[in-house]
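# Understanding the architecture of this molecule
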Amino acid sequence: MNAIFINYRKTDMPWADKLIDEVLSGRFGRTKIFRATRSIAPGEEFDPAIMANLRHAQVVLAMIGRDWSTATDSNGRRLDDPADWVRRELLEARTHRIPVIPVLDRDNRLSAAELPEVLHWLADLQSVRIRSASWDIDKRLLFEAIERHAPALRRSSPSPAPRPALPELDQPWAPGVEVTAGGHAFVVHTAVQEITGRDGSWVWRDADADQFEPGLAPVVLRQVRLRRAGPEVQHRLAALDQEARLLGDRRVTAPRLLSVLREPSATTLVLARPHQRTLLDSYPPGRPLDPWRTTGFLTTLARCCAAVRELHELGYAHRALAPEKFLLSDNGQRVALRDPGLATVPWSANEGHPHYRAPEQHYLAEQAADQPRVDVYQLAALAYHVLTGHPPSVYPEPPPASHLATGLTSAVDQPLGQALSGEPAKRQPSAAGLGRQLATAAARLGRLA
């Protein structure tokens with residue numbers, strides 16, 4: 001039987017259960033970990049398998065995210081339902097006196113007030129946090145907590161495998177090429193976005209791909225691969241871990257994170273590939289936009305600002321916005337980001353799309369502090385490009401959009417001119433303000449039409 005039982009709610013922490021499973025397997029061995037979606041074989045009865053493994057476990061990890069205690073279904077709050085599996089497993093562990101360790105991916109501790117009475121005891125347990133900013137420390141504390149409750153695991157824990165000095169042969173990515181990540185095979189579907197570190201120690205890639213096994217859904221792969229040891233590698237890997245956490249936060253409207261695949265020389269995020277068309281599909285830049293489409297475009301762009309605002313409210317900025325980064329559904333009534341862009345990545349000079357790069361993105365990190373204003377510039381730059389057919393010049397600042405395209409007025413020129421200022425402090429402080437101004441401009445143009 002397995003020694004460590006992972007209790008989790010998939011909708012609350014869609015990435016953490018598998019990540020923790022992989023981390024613990026590397027420390028204690030895969031056969032010591034029970035995670036229902038992996039450990040129960042096809043055809044095996046679900047209920048007996050879970051309860052048998054739970055009753056023989058030495059410790060239970062309760063994975064608790066931001067929405068763990070408030071998750072609902074058609075019957076109401078799930079923790080209040082006696083048939084809820086998370087609740088049943090925790091009560092079964094309590095009944096059989098199996099230690100439970102709350103593993104928190106949230107800012108505040110559990111409180112009895114947010115729990116049904118039968119689970120009030122859970123709020124009194126010492127917890128362990130998992131955070132990307134202190135991942136190595138948190139991981140060690142989790143190991144130590146498990147080993148205190150299950151000393152036999154300490155004696156049988158294998159020594160960590162040394163990290164190879166050089167990674168295995170790197171398979172270049174290109175359309176039609178089969179690549180592997182974490183033991184899974186994929187076929188690259190589209191052209192690959194690729195960035196190589198300044199010191200050559202890592203490469204970052206992003207591409208649409210098809211899963212090799214028939215019947216599996218298409219995906220997006222985002223990978224950081226080690227090419228050689230270097231000071232930048234750990235920063236990039238930490239940024240990808242932080243991105244996994246960000247994608248797992250349901251407050252950000254972005255494609256769903258399916259899994260995190262870890263290897264000695266690479267970490268790969270696997271995202272559900274969206275089927276929606278993009279802003280680029282609906283409003284391709286290159287020539288001035290037809291005047292009769294201007295109102296619809298500005299309304300859609302205001303919704304794009306709302307999607308970026310979600311990042312800003314969580315303390316991040318995308319910094320790589322472009323028309324292909326926005327996914328449209330319901331005739332443009334809903335907008336989502338294709339990915340978080342460079343939100344978790346340390347600042348570097350000349351980052352972002354060359355057409356929409358803010359002036360300060362040419363500078364060093366210490367010269368670019370107010371990152372949401374970078375997104376404001378990029379949103380205005382892509383609006384200017386679509387409306388006029390020309391990307392805006394950086395030096396000097398571009399002429400008003402109405403000088404290059406018919407059907408525009410000062411109602412459009414004013415918010416775009418402010419957002420395209422070469423001085424960040426003169427721009428709107430966040431995407432929310434620009435979005436409101438664009439929605440107002442669209443309404444005024446609609447009344448004039």
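Right above here is the structure, for reference.
In this report, we go over the structure that sits alongside the text.

The rules behind each value
- Residues numbered from 1 in each chain as written.
- Predicted model: local features only at pLDDT ≥ 70, side-chain atom pairs only at ≥ 80, totals over all residues.
- Heavy atoms only, no water.
- Pairing = 2+ DSSP bridges.
- Helix = DSSP H or I, 4+ residues; strand = E, 2+ residues; numbered from the N terminus.
- Contact = heavy atoms within 4.5 Å.
- Axes fitted to C-alpha atoms, helices over the stretch in contact; angles between N-to-C directions.
- Buried < 20%, exposed > 50% of the residue type's maximum accessible area, 1.4 Å probe, protein only.
- Left-handed = near helix turned anticlockwise from the far one by under 90°.
- Nonpolar A, V, L, I, M, F, W, Y, C, P; charged D, E, K, R; others polar.
- Core = buried A, V, L, I, M, F, W, Y, C linked by side-chain atoms within 4.5 Å.
- Phe/Tyr/Trp six-rings, centres within 6.5 Å; stacked < 30°, edge-to-face > 60°.
- Parallel < 35°, antiparallel > 145°, perpendicular 65-115°, else oblique.
- Polar contact = N/O pair within 3.5 Å; in protein donor to acceptor, adjacent residues only side chain to side chain.

## Examining the sheet that holds strand β2 (residues 33-34)
The five strands are arranged β2-β1-β3-β6-β7 in an open sheet whose pairing can be described as parallel. Two strands bound the open sheet, and with one partner strand each, they are β2 and β7 (128-129). Pairing of strand β1 (residues 4-7) with β2, which is carried by two bridges, proceeds in the parallel orientation. Residue F5 lies in a different strand from β2, and its bridge partner there is F34. The sheet contacts of helix α4 (residues 85-95) involve β1, β3 (59-65) and β6 (100-105), and relative to β1 the element is tilted by about 145°.

## Side note on the sheet that holds strand β17 (residues 334-337)
Read across the sheet, three strands follow the order β15-β16-β17 without closing on themselves; strand pairing throughout is antiparallel. Strands with a single pairing partner mark the edges of an open sheet, and in this sheet they are β15 (277-278) and β17. The pairing of strand β16 (residues 326-329) with β17 spans four bridges and is classified as antiparallel. Looking across to β17, one finds that S329 is bridged to R334. In the packing of helix α9 (residues 294-313) onto the sheet, the strands contacted are β16 and β17, and the crossing angle to β17 comes to about 45°.

## Details of the pairing of strand β14 (residues 266-272)
Extensive coverage of β14 is indicated by the burial of seven of its seven residues. Residues A266, T268, V270 and A272 of β14 are buried on one face, and the alternating residues T267, L269 and L271, pointing to the opposite face, are buried as well. Pairing of strand β12 (residues 219-226) with β14, which is carried by seven bridges, proceeds in the antiparallel orientation. For R225, the partnering residue across the bridge sits in β14 and is A266.

## A word on the packing of helix α3 (residues 46-55) against α4
Where α3 contacts α4, the two axes come as close as 10 Å, and the packing angle between them is 35°. Crossing angle aside, the handedness with which α3 passes α4 is right-handed. Taken together, the residues of α4 that come into contact with α3 (itself represented by F46, D47, I50, M51, L54 and R55) are W85, R88, E89, E92 and A93. Split by residue class, the contact of α3 with α4 holds six nonpolar, no polar and five charged.

## Some thoughts on the nonpolar core
L279, F297, L298 and F326 are the most contacted members of the largest nonpolar core, which totals 49 residues. Those elements that provide at least two residues to this core are α9, β16, β17, α10 (371-388), α11 (410-419) and α12 (431-448). Of all the elements, α10 adds the most residues to this core, at 11 residues. Once you skip the residues sitting within four places of it in the chain, L298 turns out to touch L387, V412, L438, A441, A442 and L445. If you look at the next biggest cluster of nonpolar residues, it comprises 26 residues, including A62, W121, L122 and A123.

## Describing the packing of aromatic side chains
Taken as a whole and judged by the stated rule, the model has three aromatic pairs. Considering the side-chain rings of F5 and F34, the 5.0 Å spacing of their centres and the 15° angle between planes classify their relative orientation as stacked. A residue pair is termed long-range when its members are at least 10 positions apart, and F5 in strand β1 and F34 in strand β2 qualify at 29 residues. On the basis of an interplanar angle of 85° and a centroid distance of 5.8 Å, the ring pair of F28 and F143 is categorised as edge-to-face.

## Focus on the packing of α9 against α10
It is the contact of α9 with α10, at a shortest axis distance of 11 Å, that shows an interaxial angle of 160°. If you check the angle between α9 and α10, you find them roughly antiparallel. Seen along the crossing, α9 lies across α10 with a hand that is right-handed. Taking contact as the criterion, the partners of T294, F297, L298, L301, C305, V308 and H312 in α9 are, on α10, P372, D375, L379, L382, A383, V386 and L387. Residue composition of the contact of α9 with α10, grouped by class: 11 nonpolar, two polar and one charged.

## Here we look at the side chain of T388
On the secondary structure map, T388 appears in helix α10. With a relative accessible area of 0%, T388 lands in the buried category. One polar contact links the side chain of T388 to the main-chain carbonyl oxygen of Y384, over a distance of 2.7 Å. From its side chain, T388 meets the backbone nitrogen of H390 in a polar contact 3.1 Å long.

## Overview of α3
Turning to α3, its buried residues number three or more, namely A49, I50, M51, N53 and L54. At its buried positions, α3 is contacted by β1, β2, α2 (36-39), β3 and α4.

## Looking at the side chain of H318
Here H318 is to be found in the loop between α9 and β16. At a separation of 3.1 Å, a polar atom in the side chain of H318 contacts the main-chain carbonyl oxygen of D339. Discounting chain neighbours no more than four positions away, the residues touching H318 are L311, K325, L337, D339, P340, G341, L342, A343 and D375.

## Brief notes about the pairing of strand β10 (residues 193-196)
Taken residue by residue, a regular strand's side chains alternate between the two faces of the sheet. When β10 meets strand β11 (residues 202-211), the two strands line up antiparallel, connected through four bridges. The partner of Q193 across the bridge, within β11, is D206. Counted along the chain from β10 to the antiparallel partner β11, the turn is five residues long, and its residue G200 has a positive phi close to 75°.

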